Amino acid sequence: MIIDTIYMPDESGKWNPTNEVSMRWREEEAGVWVRKERREKFTHYCYVSPDDKIMVRSRDGLKRHSTVSQLPEQDGVDWLVDSLSPTDKKTADGKKLTKVLFDAPWKQRVFSNKVGPTYEADVPFEDRYLVDEVADMAVFEMRKLFIDLEALQYRDGDGPRKVKNHNNPRDNQMINVIGAYDSFTGKRIQWCQHDNEEEKVENKIFDGDEVTVFYFDNEKDMLLSFVEYVDDVDPDCLLAWGMGFYDLPTLYYRLESLGIGADKLSPSSLGNNRHMREPTFKGNQYRWTAQPLAGRLVISLDRLFERVYKDSKSTNLPSMKLDIVGQHLFAKGKTEFRPDFYNNDYDEFLDDYLFYNYRDVELMVEIERDFNLIEGQQNLQVLAKCQYNSTFYGSSYAKVYFMRKANFIQKSGIPQWKQKLEGIGEDDVLQGAIVFDPEELGTIGLHKNVVIVDFAGLYPSMMVSYNTSFETIVPVGEERDDDIIGDGCRFRREPMGLLPTCVQELDVLRDRYKALRDTAATSEG
C-alpha cells in the first residue's frame, strides 16, 4: 500500500501537511490488477503522563516544569496543542496517559522536541493512522517503472537556457536521455533530445530487446512527454540507481525550471493535491528513504540492494557502482562506450548513448528481479502493516510491529537536540555486546586445538529464556524470589513479555520462509 500525507498550499503558496491521508493500492479483478484509492481524515496525537515531571522548553529557550492540564496554555507549546483527552492507556510501568491532539501532523513533531517525557511522539503520521485504522493489508503486484537519466553537464559560467539556480548542480544541467522499463507490459522506452533532432518515434533493437525511442528537439517537450507517460501508466513505484542522490532531485529541479512542475510526476487522480516536496538533504538531494512524491513510492535501488545483499550474504560488494555490481553478479556491466557528458555534440554518438542508457536500465531490472527487492519489502510491510519506507530500517519497522502487539504505550525516543544538550552519546542510549580486548587478556598469539562454538539465534533465545522485555523489568524494591536474574537487572517470570512473544512469532515465520526458500532453490535449480 502507498500511503501519503495530503499537502495543501497556504495563502502564501507554501505547501503544508494536513490531517488527511491518501492511500493507493491494487486489487485483482478478472486477472488484472486494478487501481484503488481512498482518502481519510485523521487527527495526529501522542501521549503524556500526569504521573511524570513534565519539562517544557519555552519561547526563551529555558526549560520549565508543567502539568498536563497546563499544556494548552503553557508558554512555548500553547500554539501547538489542539486539545487533551484522558485515556485508559498505560505505560509499561503502569503510568496513566493523557492523549495530546494536534490540528496538523507537523505540530506533533515540534511538540515532541519541546516537551518531555512523551509517549509515541516519534511515530510518523502515516504509521499512526495505519496502526489505529488499518487492521488488514494485502500484497498486490506493484507496477514498477525503472528509470535512468543522462544529462549534458556544463562548465563554470555556462548552463542550460532555463535554470533557476546556476549554483545548483542538480539544476544547472540539461536532461538529454531518459530510459524506462515498465514491469507490467515489459516495454522499454527512451526519450532523447537535441537541437539537431526532429520530433519522431523509432524502434531500435538493443541486445535483442525492442526499445521505442521518442526524439525531440528540446528538453521541455521531452520532459512533457515523459511525465505524460508516467501519469498514463500510473506506476506504483519509480526506481533508479541513486534515486535520492541524483535522478529524483534532477527531475524535480528541471521540471520546475522549465515551468512544467515537479508535481506532474504525482498521479493526476490526486487532483489539486498532486505534490512533490523539494529536496533539502545536503541542500539539493533526498535521503535515500525519503518519499517526497505524493501517490507513488520512489526507490533508491542502490541503497535498498546494498542492505538486502549485506543481510543475505553477510558481506559487502567492493563497490556500489552499477557497473561493478553488474560485473560481479552477471559478468555484465555497462557498455564499453563511455559518453562525454560535457560534449554538446552528443547527437553525433546518440545511438551509442541510447545503448549505454538501455544497459543501465537492464542491469537495474535484473538486480531487482534476482533479489526480489520490491516484493520482499512489501511482504515486510504487510506483516507489520506499516508504511513502505518504515521497512527500510529495523528501528522504524520494529516500532510499528511492537505497537500493534503491545498492551502498553511505548516511551518516545530521546530527541536529537536533547541528546546534544545533555551530552548523551550513542553508548549512553544503547549499550551493545561486550568485546574483549586480547591485549588486556594476554591472549594474542597462535593457539592450537581451538574449538569455535556458535550459539544459533543467541539474542532471540536469550530474550525468550530471560523473558526480557520493557514491561517485565522488575523495579527496585519490588523483587520476588522467582524473578529471573539478569546482568544487573531482574525480569518477571510471568506473564511472557512483548519482546519474547514477538521473537517466538517471528521465529515461526523465519522457519516458514526458509522452507519456501529451499523449495524455490530446489525447483529452480
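Conventions we followed
- Residues numbered from 1 in each chain as written.
- Predicted model: local features only at pLDDT ≥ 70, side-chain atom pairs only at ≥ 80, totals over all residues.
- Heavy atoms only, no water.
- Core = buried A, V, L, I, M, F, W, Y, C linked by side-chain atoms within 4.5 Å.
- Buried < 20%, exposed > 50% of the residue type's maximum accessible area, 1.4 Å probe, protein only.
- Helix = DSSP H or I, 4+ residues; strand = E, 2+ residues; numbered from the N terminus.
- Pairing = 2+ DSSP bridges.
- Axes fitted to C-alpha atoms, helices over the stretch in contact; angles between N-to-C directions.
- Contact = heavy atoms within 4.5 Å.
- Parallel < 35°, antiparallel > 145°, perpendicular 65-115°, else oblique.
- Nonpolar A, V, L, I, M, F, W, Y, C, P; charged D, E, K, R; others polar.
- pLDDT = per-residue confidence, 0-100.
- Salt bridge = Lys/Arg side-chain N within 4 Å of Asp/Glu carboxyl O.

### Remarks on the nonpolar core
Inside soluble globular proteins, nonpolar side chains tend to come together where they are buried. One finds Tyr-129, Phe-146, Trp-241, Ile-299, Leu-301, Phe-305 and Ile-374 to be the most contacted residues of the largest nonpolar core, which totals 46 residues. With 6 residues, the single largest contributor to this core is helix H7 (residues 350–371). Counting residues in hydrophobic clusters, the runner-up holds 34 residues, among them Leu-149, Ile-189, Met-243 and Met-276.

### Brief notes about the sheet that holds strand E12 (residues 188–193)
Read across the open sheet, the 7 strands follow the order E13-E14-E12-E11-E10-E15-E16; overall the sheet is mixed. The outermost strands of the open sheet, each flanked by one partner alone, are strand E13 (200–206) and strand E16 (297–300). With direction set aside, neighbouring strand axes in the sheet form an average angle of 25°. Two strands pair when backbone bridges link them, and strand E10 (residues 144–153) and strand E15 (residues 237–240) are joined in this way by 3 bridges, in the parallel orientation. The partner of Lys-144 across the bridge, within E15, is Cys-237. Here helix H3 (residues 219–233) sits on the sheet and contacts E10, strand E11 (173–182), E12 and strand E14 (209–216); the angle it forms with E11, its principal contact strand, is near 25°.

### Examining the sheet that holds strand E4 (residues 45–48)
Pairing in this open sheet of 3 strands is antiparallel, and the strands run E4-E8-E7 from one edge to the other. In this open sheet, the two edge strands, each paired with only one partner strand, are E4 and strand E7 (83–90). Along the sheet, successive strands turn relative to each other by an average axial angle of 35°, direction set aside. Both E4 and strand E8 (residues 96–101) contribute to a ladder of 4 bridges, which runs antiparallel. Bridging across to E8, Cys-46 finds its partner in Val-100.

### Here we look at the packing of helix H5 (residues 301–313) against helix H8 (residues 373–384)
Helix-helix packing is characterised by the crossing angle of the two axes and by the distance between the axes. Look at H5 against H8: their axes get within 11 Å of each other, and the N-to-C directions meet at 70°. Classed by the angle they form, the pair H5 and H8 counts as roughly perpendicular. Facing H5, whose interface residues are Leu-301, Leu-304, Phe-305 and Val-308, H8 presents Leu-373, Ile-374 and Gln-377. A per-class count over the contact of H5 with H8 returns 6 nonpolar, 1 polar and no charged.

### Notes on the confidence of the model for the chain
Across the chain, the average pLDDT comes to 90, with 95% of residues at or above 70. Predicted confidence for residues 416–430 stays below pLDDT 50, and this span has 9 contacts to residues more than four positions away or in other chains.

### Regarding the pattern of salt bridges
Using the criterion set out here, one finds 41 salt bridges in the structure. When the shortest N-O distance is used, the salt bridge between Asp-182 and Arg-143 registers 2.6 Å. Residue Asp-182 is found in strand E11, and its partner Arg-143 is found in the loop between helix H2 (125–133) and E10; the two are separated by 39 residues along the sequence. For Arg-143, a relative accessible area of 13% gives the class buried. Across the salt bridge formed by Lys-264 and Asp-263, the nearest N and O atoms sit 3.4 Å from each other. Given the relative accessible area of 29%, Lys-264 is considered partly exposed. Relative accessible area serves as the criterion here: at 24%, Asp-263 is assigned to the partly exposed category.

### Observations concerning the pairing of E12
Of all the 6 residues making up E12, 6 are buried; the element is thus mostly covered by neighbouring parts of the structure. Both faces of E12 are covered, namely the face carrying Arg-188, Gln-190 and Cys-192 and the face carrying Ile-189, Trp-191 and Gln-193. Bridge count for E11 against E12 is 5 bridges, and the pairing is antiparallel. Bridge pairing in E12 links Ile-178 to Trp-191. As consecutive antiparallel partners, E11 and E12 are separated by 5 residues, and within that stretch Gly-186 has a phi angle of approximately 75°, a positive value. Summarising the sheet, E12 and E14 pair through 6 bridges and their orientation is parallel. Counted as the bridge partner of Gln-190 is Val-213 from E14.

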